[in-house]
Amino acid sequence: MGSIDKIYQKYFRDIYRFLLSLCHDHYTAEDIVQETFLRAYLYLEFYDNENVKTWLFTVAYRSFIDHYRKQKKAVTKEGSFFHRIKDPRSPLHEQLLINEETKQILIWIKELPKKQQHAIILHDIHGLPYKEAAKVMNVKLSHYKVLLFRGRQTLRERKENDE
């Protein structure tokens, strides 16, 4: 697997963006990223040679759920949180130049039920395969596909109604 430092350097941005897309707050995402990598370090012995990125996304998702449960309050939704997600290799000023249609779709995603949001964020935004995304969310693959289908269907209907 490599050292935790190398893993941190390689996957920090992916984990941060994922958590930011879930919690919608820069500072909270940073806190949960640190918690994620602390847990990854502490539970390294439970790593069973699966895909490192998938394992980290699973640890991050569970850290997010734990944090959310502890807070027991509404998640702050920042209107521009997805702007930083578009392409991890592009400069921030390019990432902020998302077209209006994409902005509207991102707003609609935020209006979906939480599990549908998470399914779309994991697969459509972060590119995790269905099986890995289902594992991150700790749901069966068939249930994950239903969540993703329903979320996408709702987005398609909203888009059609908007036109």
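Definitions and limits used
Residues numbered from 1 in each chain as written. Predicted model: local features only at pLDDT ≥ 70, side-chain atom pairs only at ≥ 80, totals over all residues. Heavy atoms only, no water. Core = buried A, V, L, I, M, F, W, Y, C linked by side-chain atoms within 4.5 Å. Buried < 20%, exposed > 50% of the residue type's maximum accessible area, 1.4 Å probe, protein only. Helix = DSSP H or I, 4+ residues; strand = E, 2+ residues; numbered from the N terminus. Contact = heavy atoms within 4.5 Å. Phe/Tyr/Trp six-rings, centres within 6.5 Å; stacked < 30°, edge-to-face > 60°. pLDDT = per-residue confidence, 0-100.

**A few points about the nonpolar core**
- Ile 15, Phe 18, Leu 19, Leu 56, Leu 122, Met 137 and Tyr 144 are the most contacted members of the largest nonpolar core, which has 42 residues in total.
- The set of elements that each furnish at least two residues to this core consists of helix H1 (4-23), helix H2 (26-42), helix H3 (52-71), helix H5 (100-111), helix H6 (114-125), helix H7 (130-137) and helix H8 (141-162).
- Residue contributions to this core peak at ten residues, all from H1.
- In contact with Leu 122, not counting residues within four places along its chain, are Phe 18, Phe 57, Gly 127, Leu 128, Ala 133, Val 136, Met 137 and Tyr 144.

**Remarks on unusual backbone geometry**
- Positioned with a positive phi, His 24 is a non-glycine residue whose angle comes to about 65°.
- With respect to the element layout, His 24 can be found in the loop between H1 and H2.
- Of note, Asn 138 is a non-glycine position whose phi angle comes to about 60°, a positive value.
- Locating Asn 138 in the fold gives a position in the loop between H7 and H8.

**Considerations on the side chain of Ser 63**
- Following the sequence through the fold, Ser 63 ends up in helix H3.
- Once residues within four sequence positions are removed from consideration, Ser 63 is found in contact with Ile 32, Glu 35, Thr 36 and Arg 39.

**A short note on the packing of aromatic side chains**
- Throughout the structure, instances matching the rule amount to six aromatic pairs.
- Centre to centre, the rings of Tyr 8 and Phe 12 are 5.3 Å apart; their planes meet at 40°, and the pair counts as tilted. Of this pair, Tyr 8 and Phe 12 are both found in helix H1, four residues apart, which corresponds to roughly one turn of the helix.
- Looking at Phe 12, the relative accessible area reads 24%, which means it is partly exposed.
- Between Phe 64 and Tyr 68, the ring centres sit 6.0 Å apart and the planes meet at 25°, which makes this aromatic pair stacked. Residue Phe 64 and its partner Tyr 68 are both found in helix H3; the two are separated by four residues, about one turn of the helix.
- One aromatic cluster is present, formed by Tyr 8, Phe 12, Tyr 16 and Phe 37 through successive ring pairs.

**Observations regarding the confidence of the model for the chain**
- On average, residues of the chain score 79 in pLDDT, and 79% of them reach the 70 mark or higher.
- Of all the helices and strands in the chain, helix H4 (residues 92-95) carries the lowest mean pLDDT, 48, while H7 carries the highest, 91.
- Counting contacts from residues 73-86, a segment whose pLDDT is below 50, to residues more than four positions away or on other chains yields 40 contacts.

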